[in-house]
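# Breakdown of the fold
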Amino acid sequence: MRVSALSGPSRRLRPVRAAVVALMAASACLGGAPLAAAGTERSPGKPRPLAASMSDVIPAPVSVRPDAGVTFTLRPSARIHTRGGQAATAVATYLTGLLRPSTGYALPVQAAPRGAPAPGISLLLDAAEPAVGDQGYRLDVTGAAVVLRARTGTGLFNGVQTLRQLLPARAESATVQPGPWTVPGGRIVDHPRFAYRGAMLDVARHFHPVETVKRYIDRIALYKINHLHLHLSDDQGWRIVVDGWPRLATYGGSTQVGGGPGGHYTKAQYQDIVAHAARRHVTIVPEIDMPGHTNAALASYAELNCDGVAPPLYTGTAVGFSSLCATKEITYRFVAEVLDELAALTPGPYLHIGGDEASATPHDQYAAFMNRVQPMVTAEGKAVMGWHQIGAADVAHSPGRVVQYWGLTASDPLVTSAVSRGAKVVMSPANKAYLDMKYNPQTRLGLDWAGLIEVRTAYDWDPGTYLAGVPAASVLGVEAPMWTETIVTEDDIEYMAFPRLPAIAELGWSPRSTHDWEAFRLRLAAQAPRWTAMGIGFYRSPQIPWPAPAGSVAARP
Ligand code: ACM
């Protein structure tokens, strides 16, 4: 199936771009560590011990003060104490759900007593310093207690992700494991550099079922990623029910790249994803790409085409050939009704309207289309998010607009134009942050039009200074997109996301002062047993000194 998926024209490889890409791939090879031959799993540097350490957390916290020689041990009788009402109780319940299967302990949740911290784990929605803000936390680990303080449920949830990484990796196991369940002593005070840390999943090129999306949400939350952008429509498929336009899902969603059966989410399923994400403090950002990338819609409704003729469904991987008819009134009724239904299902603040690679839409029509569509988003009480092409000077700025940069260059006039008019930027440079790019020439999955992205390439850049003319204050955050032309299964998703996703997550969360490749590669190595316990099949990059897999003979230094 994957072979047929790749037999169509290569995504985005138009001639000029192809030349740029070839140069970039060459420079990526020169600039980074030498790439390993296919299938080799070298482990340069010393293998790491398996015990968790306070300095192993990803993303790197703002401040870590280990207390040498102090260790907390979770006992079978431990309780999780909360203060702060339902928001704290919900996080405590989530924590017990994580730890019960592996520890076998009951870990009942109960109200924290007043006064000194109770033995066990306390999650307290008070007394955290203002500096931690609305996403940060303070974690104190002594021999007697683990105390997590925050000002919001989100802050507590983020602190719990840190606590997870301080427990032994086998705490992530789905079955009861032997203790002891130790946490290294000390204090961590932490808050994010950027408010928006995102991952994107393309469920249009290959459809991915609800359970896969939920598990991906669980995985990204471990690294304090707080947005999941769902690319819900493209040439190859429309993946969400719209009651007013039912053929979008039933016909437009009936196939995918390579010709498989595709699929779509019912409204109840989409809401189930949204609710699951909310329990993990993740906001869903739904994208309906327009006016290009719309063959599935055009095939479903002939009247959306300028010539009134519906094209056939499309299962290849070319881009830039489809367009809603920007000069027909019915197009605007269609867009308004789709956005209205999607907004009603989406509690998050953004509706993403795509706007990329609209080569089949004449430029003046593109601007006119975007100038009409953006107010539809704001009329729904949502902010516009779009790929950075919506930053064109003749496209009106709407309040709260966010442009998502996916280019290959270090400056971009469309982005600077949007920023000068008040837009914020989410940074997803394709040659750094695209999780569907191959790691090396032998990677069996993925594309390479933006270059090869080894772990160091994904890590070694600064979202705050990357684009000329875009100051850090205009950067809302980062996002790691996963396009799925070649990504068919959940295993495929995990292999391409790990270990690069934690690298992008760290760029979004950690202070720039903590940025250090040598330290990061050691912390990343320490995550491997955790991923194994979680059942994540990851890419064993030769750039990372992975511990030897359990049961294997340790690599020689
Ligand atoms: C994109 O990769 N066309 C946003």
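Located above this text is the structure these notes cover.
Residues numbered from 1 in each chain as written. Predicted model: local features only at pLDDT ≥ 70, side-chain atom pairs only at ≥ 80, totals over all residues. Heavy atoms only, no water.

## Comments concerning the overall build of the chain
Our working rule: In this description a helix means any DSSP run of H or I spanning at least four residues, a strand means any run of E spanning at least two, and both kinds are numbered starting from the N terminus. Residue exposure (1.4 Å probe, protein chains only): buried if accessible area is under 20% of the type maximum, exposed if over 50%, otherwise partly exposed. Only heavy atoms enter the contact rule, under which two residues are in contact if any of them lie within 4.5 Å. Shrake-Rupley sampling with a 1.4 Å probe provides the accessible areas, and residues are treated as covered by the protein chains on show and by no other component.
Of regular secondary structure, the chain possesses 16 helices and 17 strands. Burial analysis of the chain (557 residues in total) assigns 60% to the buried set. Here the contacts in the chain between residues at least 6 apart in sequence split such that 75% fall between residues at least 24 apart. Accessible surface, the chain: about 19,500 Å² in total, of which carbon and sulfur atoms supply 59%.

## Some remarks on the state of the cysteines
So the rule is basically this: When two cysteine sulfur atoms lie within 2.5 Å, the pair is treated as a disulfide.
Counted according to the given criterion, the structure contains one disulfide. Between the sulfur of Cys306 and that of Cys325 lies a disulfide, 2.0 Å long from S to S. On the sign convention where negative means left-handed, the S-S torsion of about 90° between Cys306 and Cys325 marks this disulfide as right-handed. Taken as a pair, Cys306 in the loop between helix H8 (295–300) and helix H9 (329–345) and Cys325 in the loop between H8 and H9 lie far apart in primary sequence, 19 residues in all.

## With respect to the packing of helix H7 (residues 267–279) against H9
Between two packed helices, the angle of one axis relative to the other and the distance separating the axes together describe the packing. To keep it simple, the criterion reads: Axes here refer to lines fitted to C-alpha atoms; in helices the fit is confined to the stretch in contact. Angles between the N-to-C directions go from 0 to 180 degrees. Note on angle classes: values under 35 degrees are labelled roughly parallel, values over 145 roughly antiparallel, values of 65 to 115 roughly perpendicular, and the remainder oblique. Just so you know the grouping, Ala, Val, Leu, Ile, Met, Phe, Trp, Tyr, Cys and Pro go in nonpolar, Asp, Glu, Lys and Arg go in charged, and all remaining residues, Gly too, go in polar.
Between H7 and H9, whose axes approach to 10 Å, the crossing angle comes to 45°. When the interaxial angle is binned, H7 and H9 end up oblique. Touching Lys267, Tyr270, Gln271 and Val274 of H7 are Glu341, Leu342 and Leu345, all from H9. The class makeup of the residues in the contact of H7 with H9 is four nonpolar, one polar and two charged.

## Quick notes on helix H3 (residues 86–103)
Rule in force here: Helix span is expected to be 1.5 Å times the residue number reduced by one.
Its 18 residues place the ends of H3 25 Å apart at the C-alpha level, agreeing with the 26 Å of an ideal helix rising 1.5 Å per residue. Those residues of H3 lying buried are Ala88, Val91, Ala92, Tyr94, Leu95, Thr96, Leu98, Leu99, Ser102 and Thr103. In the core, the buried residues of H3 are packed alongside strand E1 (63–74), strand E2 (80–83), strand E3 (109–111), strand E4 (120–124), helix H4 (153–166) and strand E7 (181–190). Residue Gly104 follows H3 closely and has a positive phi angle near 75°.

## Details of the nonpolar core
Spelled out, the test is: Here the nonpolar core consists of buried residues drawn from Ala, Val, Leu, Ile, Met, Phe, Trp, Tyr and Cys, with membership extended through side-chain atoms lying within 4.5 Å.
Tyr216 and Leu228 are the most contacted members of the largest nonpolar core, which has 117 residues in total. Top element by residues in this core is H9. It accounts for eight residues. Excluding its chain neighbours within four sequence positions, the residues that come into contact with Leu228 are Ala199, Met200, Leu201, Val213, Tyr216, Ile217, Ile220, Val282, Thr283, Ile284 and Val285.

## Observations regarding the sheet that holds strand E15 (residues 402–405)
Convention followed: Two strands qualify as a pair provided DSSP detects at least 2 bridges between them.
With parallel pairing, the eight strands of this closed barrel are ordered in space as E8-E9-E12-E13-E14-E15-E16-E17. On average, each strand axis in the sheet is inclined to that of its neighbour by 30°, with strand direction left out of account. Relative to E15, strand E14 (residues 383–387) runs parallel, the two sharing three bridges. Each residue of the ladder has a partner; that of Met385, found in E15, is Val402. In the packing of H9 onto the sheet, the strands contacted are strand E12 (283–290) and strand E13 (350–354), and the crossing angle to E12 comes to about 170°.

## Considering the packing of helix H15 (residues 500–509) against helix H16 (residues 517–534)
As a reminder, the rule being used: We call a crossing left-handed when the near helix sits turned anticlockwise from the far one by less than a right angle, and right-handed when that turn is clockwise.
Contact geometry for H15 and H16: axes closest at 11 Å, N-to-C directions at 130°. If you check the angle between H15 and H16, you find them oblique. Handedness of the H15/H16 crossing: right-handed. Two secondary-structure elements touch here, H15 through Pro502, Ala503 and Glu506 and H16 through Phe520, Arg523, Leu524 and Trp531. Broken down by class, the residue content of the contact of H15 with H16 amounts to five nonpolar, no polar and two charged.

## Description of the sheet that holds strand E5 (residues 137–141)
Hydrogen bonds between backbone groups are what pair the strands of a sheet, and the pairing can be parallel or antiparallel. A sheet is described by the order of its strands in space; here seven strands give the open sequence E1-E7-E5-E6-E4-E2-E3, paired in mixed fashion. Taken across any chain shown, the strands that pair with only one partner, and hence form the sheet edges, are E1 and E3. Strand-to-strand twist of the sheet, defined as the mean angle between neighbouring strand axes without regard to direction, takes the value 25°. Direction of pairing for E2 relative to E3: parallel, over a ladder of three bridges. By the bridge assignment for E3, Ile80 is matched with Val109.

## Some words on the packing of aromatic side chains
The test is simple: To pair, rings of Phe, Tyr and Trp, with the six-membered ring standing in for Trp, must have centres within 6.5 Å; the planes then decide the type, stacked if under 30 degrees apart, edge-to-face if over 60, and tilted in the middle. Charges are assigned to positions over rings by a cutoff of 6 Å between ring centre and Lys NZ or Arg CZ, combined with an angular limit of 35 degrees from the ring normal.
One pass over the structure, following the stated rule, counts 24 aromatic pairs. Note on Trp245 and Phe334: the rings are 4.9 Å apart at their centroids and 85° apart in plane angle, and the pair reads as edge-to-face. Of this pair, Trp245 sits in the loop between strand E11 (237–238) and helix H6 (247–250) while Phe334 sits in helix H9, and the two are 89 residues apart along the sequence. For the pair Trp245 and Phe334, one class covers both residues: buried. Centroid distance Trp461 to Tyr466: 5.2 Å. Interplanar angle 70°. Geometry classified as edge-to-face. A residue is classified by how much of its surface remains accessible, and Tyr466, at 16% relative accessible area, is buried. Each member of the aromatic cluster is reached from another via a ring pair, and the members are Tyr223, Phe498, Trp531, Phe538 and Trp546. One cation-aromatic arrangement involves Lys224 over Trp509; the distance from NZ or CZ to the ring centre is 5.5 Å. Across the ring face of Tyr439, the terminal group of Arg500 is positioned such that the distance to the ring centre comes to 3.8 Å.

## Looking at the pattern of salt bridges
What counts here: One side-chain nitrogen of Lys or Arg within 4 Å of one carboxyl oxygen of Asp or Glu is enough to make a salt bridge.
Scanning the model with the defined rule gives 25 salt bridges in all. The salt bridge involving Asp126 is made with Arg83; its shortest N-O contact spans 3.2 Å. Within this pair, whereas Asp126 is found in the loop between E4 and E5, its partner Arg83 is found in strand E2, the two being separated by 43 residues in sequence. On the basis of relative accessibility, which here comes to 16%, the residue Arg83 falls in the buried class.

## A few points about H4
In this model, H4 (14 residues) spans 20 Å end to end at C-alpha, consistent with the 20 Å of a helix rising 1.5 Å per residue. The buried count for H4 comes to 13 of 14 residues, which makes it a mostly enclosed element.

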